[in-house]
Amino acid sequence: MSLLAVSNLSVSLGRRHVLSDVSFSVGEGEFVGLIGPNGAGKSTLLRAALGLVGSQGRITIAGHEAATLDVLERAVGIAYVAQEHQIAWPIPVEAIVALGRTPHRPRFAALSSRDHTAIEQAMRRMEVDAFRDRAAADLSGGEKARVLIARALAQETPLLLADEPTAGLDPSHQITLMRLFADLAKQGRSVIASLHDLGLAARWCSRLILLNQGRIIADGAPDAVLTAESLGRIYGVEAYFGMAAGRAVIQPLDLIQPPTQDQPEEDHDRT
Amino acid sequence: MTDATRYRILLALLGFLVALLFVLSLTVGPAAIAFGDSIKALFSGKADAIALIMREIRLPRALLGLMIGATLGLSGAALQGYLRNPLAEPGLIGVSASASLGAVLAIYSGLTIVFPLALPLSALVSAMIAVIVVQALAGRRGSTLTIILAGVAVSSLAGAMTSLALNLSPNPFAALEIMFWMLGSLTDRSMTHVWLAAPFMLAGWVLLLMLGRALDALTLGTDTAASMGIDIRHVQQFAVLGTAVSVGAATAVAGAIGFVGLVVPHLLRPLVGGKPSRLLPASALGGAAVVLAADILVRLIAPGRDLKLGVLTAIVGAPFFLFLVYRERRRLA
């Protein structure tokens, strides 16, 4: 069954077309890497799928028209990890992770034993249970990121959307996270994560969607999407392609040409 | 001791403090009535002088102190949670300034001489107009920034109109009455004021107390909260409308009482573990305690001089606010 399907999705923010005519579908058990240069529309695509930005086109969540679902019904189907690590108040880590249970609980109800199980499991998976009593606002960037991913895992949805979840993580936690997402996919749940680390994307994702200037350029198995040709054309870089321990290795090496006006260096992902 | 137990103990302590201050407020006043006599008179069916003073002067005063304090504490906590800003306060969305303007217009036009209740009613209507304007400006997808800017604009306009009324006031007595009213006080209020404000305040409290779960989710930003099933538009309407009706009613019967809604949530936040949902009831009790205490103090510090409640809360609150800013700066540095 398709967990998320978008067809002919277009998004304009102000007068700028951020996404044009995007169509794809994600089924059960997929770990999809969403890749593309800064400003390609990756974040906007994730936010549009969640209904956080207005869009044209058709979105279905687990077979239901997204337009007919209310926010709570969406929240049971899709969890989301935002790019910014916002934690406004000095709340303990465990309470932050518990927020993931919000869509599963009646308004004034206490946490059920099922909620507690989900919270404990999510904290263990992201290795944040060791500092469960610390105020989340005081943690380091990478620790915060892990707490917020644990929060989304506690939501226990069939589909998880994560916007640059590996940003700010050390290599060991990057690999832990990618391994976790791959495991979730093996269990029949699915993950769509926007990624800038092409090496991680190539190694761990079951499928890659390459976005550039608001359009899907390629969609398929990592080795079909990440080629010397596509890296050169879209990113303007040449890269080393190899194999290690039975998995693809990609390491961007140098620019093919200096960046032009169309490829600004600063981060414009959210504009 | 678990987190939840500690929270319940805090609520119980605050509740006890409020009850204590309420009783204390009943027993303080220019008429020297013994503690036992005053409480006895309140429950006696007699119509002697003591019973009359208790029922018509001190009881409404204490009740209003309780209700207004709870309103300010609760709405302050709700707005700080909704705007994710520890420096937000109930006046931010323009309700207090607009309610003041309504009251001032009632005094200015002389309506209050013909019909005393014209003052709170005019203040309430004015607060409602303000909230409609703020909501209209904020639009359907109103961001918190738009709400704040709309509130600032409405406040400024209401302030300017109030100044104009003072400027053109027909005689010095009217100007003085306006000035005194704006300082904020609970002196000489009757049960009519209590009955007039109570329904609005209760409605506002219900709206604000419903927000707990949404405010917790909003800790992680609007996008994440929405992805957890929180309807952000509802939250905005509940927060703005709940604040408007309750604070509008509070301002209508007592004038503007500053700093309570700002400082009380600030003080209590660390004690409830930071969670906005827990801060709501705690802050309501804390606000009630602060206003009751301040209203007792104005009667003790200067009996016979009618020191205004709003003046005292500002004199104590402003330096305290400076201290909070200073501490916040050190923490962020």
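Because the structure is predicted, anything quoted here is derived from the model rather than measured.

What counts and how
- Residues numbered from 1 in each chain as written.
- Chains lettered and ligands numbered in written order.
- Predicted model: local features only at pLDDT ≥ 70, side-chain atom pairs only at ≥ 80, totals over all residues.
- Heavy atoms only, no water.
- Contact = heavy atoms within 4.5 Å.
- Buried area = accessible area lost by both parts, 1.4 Å probe.
- Polar contact = N/O pair within 3.5 Å; in protein donor to acceptor, adjacent residues only side chain to side chain.
- Helix = DSSP H or I, 4+ residues; strand = E, 2+ residues; numbered from the N terminus.
- Nonpolar A, V, L, I, M, F, W, Y, C, P; charged D, E, K, R; others polar.
- Buried < 20%, exposed > 50% of the residue type's maximum accessible area, 1.4 Å probe, protein only.
- Pairing = 2+ DSSP bridges.
- Axes fitted to C-alpha atoms, helices over the stretch in contact; angles between N-to-C directions.
- Parallel < 35°, antiparallel > 145°, perpendicular 65-115°, else oblique.
- Left-handed = near helix turned anticlockwise from the far one by under 90°.
- UniProt positions renumbered as here; feature names shortened; annotations may be inferred.
- Salt bridge = Lys/Arg side-chain N within 4 Å of Asp/Glu carboxyl O.

Visitor: I'd love a proper account of the interface of chain B and chain A, names of residues and values included.
Guide: At the interface, 28 residues of chain B touch 32 residues of chain A. Of the roughly 2400 Å² buried at the junction of chain B and chain A (both faces included), carbon and sulfur atoms supply 61%. The interface formed by chain B and chain A holds seven residue pairs in polar contact (both at pLDDT 80 or more) in total. Among the elements that line the side of chain B that touches chain A, the one with the most residues is helix α11 (residues 222-227) of chain B, at four residues. Its residues placed into classes, the side of chain B that touches chain A shows nine nonpolar, ten polar and nine charged.

Visitor: Please provide a residue-by-residue account of the environment of Met179 of chain B, values included.
Guide: Residues and elements named next belong to chain B. Tracing the chain through its elements places Met179 in helix α8 (residues 172-182). Accessibility expressed as a relative area gives 38% for Met179, which makes it partly exposed. The sequence separation of Met179 and Val104 amounts to 75 residues, and the corresponding C-alpha distance is 8.8 Å.

Visitor: Can you break down the pairing of strand β2 (residues 16-27) of chain A residue by residue, with the values?
Guide: As a general feature of sheets, a regular strand has side chains that alternate between the two faces. All names here are of chain A. Of the strand pairs in this sheet, strand β1 (residues 2-13) and β2 are connected by eight bridges, and their pairing is antiparallel. Residue pairing for β2: Ala5 is matched across the bridge by Ser25. Between β1 and the antiparallel strand that follows it, β2, lie two residues; Gly14 among them carries a positive phi value of about 65 degrees.

Visitor: Run through the sheet that holds β1 of chain A, naming residues and quoting values.
Guide: Spatially, β2-β1-β4-β5 (chain A) is the arrangement adopted by the four strands of the open sheet, whose pairing is antiparallel. This sheet does not close on itself; its edge strands, each paired only once, are β2 and β5 (64-65) of chain A.

Visitor: Now, about the packing of helix α6 (residues 118-138) of chain B against helix α7 (residues 144-167) of chain B: what can you tell me, with residues and values included?
Guide: All names here are of chain B. One way to put it is that α6 packs onto α7 with a least axis distance of 9 Å and a crossing angle of 140 degrees. Viewed along their axes, α6 and α7 adopt a mutual orientation that is oblique. Considering the relative orientation of α6 and α7, their crossing is right-handed. Across from Ala130, Val133, Val134, Leu137 and Ala138 in α6, the residues of α7 making contact are Thr146, Ile147, Ala150, Gly151 and Val154. Class assignment for the residues of the contact of α6 with α7 results in eight nonpolar, two polar and no charged.

Visitor: Please set out the environment of Gln121 of chain A residue by residue, giving values where relevant.
Guide: With respect to the helices, strands and loops of the structure, Gln121 of chain A is situated in helix α4 (residues 113-125). C-alpha separation for the pair Gln121 of chain A and Leu153 of chain A, spaced 32 residues apart in sequence, amounts to 8.6 Å.

Visitor: Describe the UniProt feature "domain: ABC transporter" (unreviewed entry) in chain A, listing the residues and the values that go with them.
Guide: In the numbering adopted here, UniProt assigns the feature "domain: ABC transporter" (unreviewed entry) to residues 4-238 of chain A. Within residues 4-238 of chain A, the helical portion is 35% and the strand portion 27%, while the C-alpha atoms at the span's ends are 33 Å from each other.

Visitor: Summarise the pairing of strand β8 (residues 190-194) of chain A; cite the residues concerned and give the values.
Guide: Residues and elements named next belong to chain A. Burial within β8 is extensive, with five of its five residues counted as buried. The sheet contact formed by strand β7 (residues 159-163) and β8 spans five bridges and is parallel. Across the sheet, Leu160 pairs through a bridge with Val191, a residue of β8.

Visitor: Any chance you could break down the pattern of salt bridges for me, citing the residues and the numbers?
Guide: Taken as a whole, this structure holds 15 salt bridges over all chains when the rule is applied. Here Asp223 of chain B ties to Arg47 of chain A by a salt bridge, and the two come within 2.7 Å at their closest N and O atoms. Here Arg47 of chain A lies in helix α1 (residues 42-49) and Asp223 of chain B lies in helix α11, a pairing that spans two chains. For Arg47 of chain A, a relative accessible area of 14% translates into the label buried. Between Arg299 of chain B and Asp295 of chain B there is a salt bridge whose closest N-O contact spans 3.2 Å. Of this pair, Arg299 of chain B and Asp295 of chain B both sit in helix α14 (residues 276-301), separated by four residues, roughly a single helical turn. A residue is classified by how much of its surface remains accessible, and Arg299 of chain B, at 11% relative accessible area, is buried. What you see here is one network of salt bridges that share partners, running through Arg101, Arg114, Asp115 and Glu156 of chain A.

Visitor: Which residues make up the packing of helix α3 (residues 49-83) of chain B against helix α13 (residues 260-268) of chain B, and what are the values?
Guide: Residue and element names in this part refer to chain B. Relative orientation of the contacting elements α3 and α13 amounts to 70 degrees, with a least axis distance of 8 Å. Taken together, the axes of α3 and α13 lie roughly perpendicular to each other. Of α13, the residues touching α3 (which contributes Leu72, Gly73, Gly76, Ala77 and Gln80) are Val260, Gly261, Leu262, Pro265 and His266. Looking at the contact of α3 with α13 residue by residue, the class counts come to five nonpolar, five polar and no charged.

Visitor: An account of the sheet that holds β8 of chain A is needed here, citing residue identities and associated values.
Guide: All names here are of chain A. Ordered by their spatial adjacency, six strands build an open sheet running β6-β7-β8-β3-β9-β10, and the pairing between neighbours is mixed. Edge positions in the open sheet fall to β6 (78-81) and β10 (215-220), since each of these has one partner strand only. Taken pair by pair, the neighbouring strands of this sheet meet at an average axis angle of 15 degrees, ignoring direction. In terms of strand pairing, strand β3 (residues 31-35) meets strand β9 (residues 207-212) through four bridges, oriented parallel. Looking at the pairing, Gly33 lines up with Leu208 of β9.

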